[in-house]
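What the coordinates show
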Amino acid sequence: MNAPLFASPRDEYARRMTRVLNYIDAHLDQPLELAQLADVANFSRFHFHRIFHAWMGETLGDHLRRRRLEKAAFRLSCGPVETVLETALATGFGSGEAFARAFKAKFGRTPSEWRRDTPRRLAAQALGHHSNPDQLLGNPDQASQPPMRDDDVSNNMTGNLTMEVVITELPAVRVAYFRHIGPYGPGITSFWRTVVAPWMQSRGLEAPLCIGIGYDDPSMTPADKCRYDACVALPEDFTDTGAADIATLPGGRYARAAFTGEPAGIADAWTWMTRNWLPSSGLQCDDRPCLEIFRPETAVDPETGAMRCDLCIPVRPL
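Before going into details, it helps to say that this report is about the structure given with it. (Residues numbered from 1 in each chain as written. Predicted model: local features only at pLDDT ≥ 70, side-chain atom pairs only at ≥ 80, totals over all residues. Heavy atoms only, no water.)

**Considerations on empty space enclosed by the protein**
Scanning the entire structure with this criterion turns up 1 cavity of 30 Å³ or more. Of the pockets and cavities examined, the largest cavity occupies roughly 30 Å³. Lining the largest cavity are Leu21, Asp25, Met56, His63, Arg67 and Arg227. Contributing elements (two or more residues each) for the lining of the largest cavity: α1 (9–26) and α4 (60–77). (1 Å grid on protein atoms, 1.4 Å probe; cavity = no way out; pocket = protein on both sides within 12 Å on 5 of 7 lines; lining within 4 Å. Points joined across faces, edges and corners; volume = space filled by probe spheres on them. Helix = DSSP H or I, 4+ residues; strand = E, 2+ residues; numbered from the N terminus.)

**Points about unusual backbone geometry**
One non-glycine residue, Asn42, lies in the positive phi region at around 60°. Tracing the backbone shows Asn42 in the loop between α2 (34–41) and α3 (48–56).

**Details of helix α6 (residues 96–107)**
A rise of 1.5 Å per residue sets the reference length of α6, with its 12 residues, at 16 Å; its end C-alpha atoms lie 16 Å apart and thus fit the reference within 8%. Looking at the buried positions of α6, the neighbouring elements they touch are α4, α5 (84–90) and α7 (111–116). Gly108 sits one or two residues past α6 and shows a positive phi near 75°. (Expected span 1.5 Å × (residues − 1). Contact = heavy atoms within 4.5 Å.)

**Here's the deal with the environment of Phe99**
If you trace the backbone, Phe99 turns up in helix α6. The spacing of Phe99 and Thr110 is 11 residues in sequence and 9.6 Å in space, taken between C-alpha atoms.

**Some thoughts on the pattern of salt bridges**
All chains considered together, the criterion is met by 20 salt bridges. The shortest N-O distance in the salt bridge between Arg67 and Asp25 comes to 2.9 Å. Of this pair, Arg67 sits in helix α4 while Asp25 sits in helix α1, and the two are 42 residues apart along the sequence. Asp25 carries the same exposure label as Arg67, and that label is buried. With its nearest N and O atoms 2.7 Å apart, the salt bridge here joins Arg66 to Glu58. Like Arg66, the residue Glu58 is buried in the burial classification. Taken together, the salt bridges that share partners define one network made up of Asp25, Glu58, Arg66, Arg67, Glu70, Asp216 and Arg227. (Salt bridge = Lys/Arg side-chain N within 4 Å of Asp/Glu carboxyl O. Buried < 20%, exposed > 50% of the residue type's maximum accessible area, 1.4 Å probe, protein only.)

**A word on the nonpolar core**
With 41 residues, the main nonpolar core has Met163, Trp192, Val196, Trp199, Phe259, Met273 and Leu311 as its most contacted residues. Among the secondary structure elements, those contributing two or more residues to this core are β2 (173–181), α10 (186–202), β4 (227–233), β6 (252–261), α11 (266–277), β7 (283–285) and β9 (307–317). The residues contacting Val196, other than those within four sequence positions of it, are Phe178, Phe191, Ala230 and Val232. Counting residues in hydrophobic clusters, the runner-up holds 17 residues, among them Ala38, Val40, Phe48 and Ile51. (Core = buried A, V, L, I, M, F, W, Y, C linked by side-chain atoms within 4.5 Å.)

**Some remarks on the environment of Arg45**
Positionally, Arg45 belongs in the loop between α2 and α3. Arg45 gets classed as partly exposed once you look at its relative accessible area, which sits at 49%. Along the backbone, Arg45 and Leu34 are 11 residues apart, and their C-alpha atoms lie at a distance of 7.3 Å. In this structure the side chain of Arg45 is engaged in a polar contact, spanning 2.5 Å, whose partner is the side chain of Asp39. (Polar contact = N/O pair within 3.5 Å; in protein donor to acceptor, adjacent residues only side chain to side chain.)

**Structural notes on the pairing of β9**
Where β6 lies against β9, 8 bridges are found, and the strand directions are antiparallel. Across the sheet, residue Arg256 finds its bridge partner in β9, namely Cys312. Two strands pair when backbone bridges link them, and strand β8 (residues 291–294) and β9 are joined in this way by 3 bridges, in the antiparallel orientation. Bridge assignment links Ile293 to a residue of β9, and that residue is Asp310. (Pairing = 2+ DSSP bridges.)

**Overview of the environment of Thr118**
The residue Thr118 is located in helix α8 (residues 118–125) in this model. Thr118 sits 41 residues away from Ser77 along the chain, and the two C-alpha atoms are 5.7 Å apart. Beyond its immediate chain neighbours, meaning those up to four positions away, Thr118 contacts Leu76 and Ser77. Of note is the side chain of Thr118, whose polar atom sits 3.1 Å from the backbone oxygen of Arg115.

**Some words on the layout of surface pockets**
Estimates place the volume of the second largest pocket at around 610 Å³. Among the elements that line the lining of the second largest pocket, the one with the most residues is α1, at 7 residues. Across the lining of the second largest pocket, the residue classes tally to 15 nonpolar, 3 polar and 7 charged. (Nonpolar A, V, L, I, M, F, W, Y, C, P; charged D, E, K, R; others polar.)

In structure tokens, the structure reads:
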């Protein structure tokens, strides 16, 4: 076994910043003060704003506004049950009017227009790169797809694709995770290969359950701000995490579909589930993240290069 990988000072900085970013996302509906967040990160209150700006490339105020609006956009995309005012209050805005102005300034359309355009936006989004953690075993990076005309989107993105979707209860799972911030796509592949895989090998975790979580929608979040967690399920008695952070992913009700195919096809599979299957299911997605679940030893067919993983959307009744 390789020698253990111990956390470096930079790893500790990353861990503290991840802690405060997670705290922010869990409390977007509440007032968030600089001193409070500095304490969460265990950094000096006097210097925290400068540290945050240098690490994230945006001020704390800009980050809070961006995340509140992105969270609101996500909630609006999940279904028609919640009113625009309810969305505004749930994401920290004091009034529907202030929310509507800020939302249109960022996204160029009203909250109601954003909700109405969700199916079309999801289809267009699938034209871009999709993160593919299963390629850590050596599959070539997926190629980007060429641009399409607007009238081609709905007819070409999912074609005759169909998958069997089952509703299942997933247990909560304790994981070690590494946070990647940056564009989805080949960078995620490299992250699994160069950061996560060596860490697993150094800890003797040769065939664990792995989970990829992309938290952000590239159609609303700048590419260099997109967050992705590469997660590795842990044995109950595991404590030697080194540079990794520990979290418990929430269990609950998920729509789960097994995907097998070329890596470039996974974007179409996600689009089919959210645009074709979900609206007719009597369910809607909730605030938990979507998951891509796989095991390294079965993630890629060595003969065909096809990837295998389970796509899981968190759901609740309409």
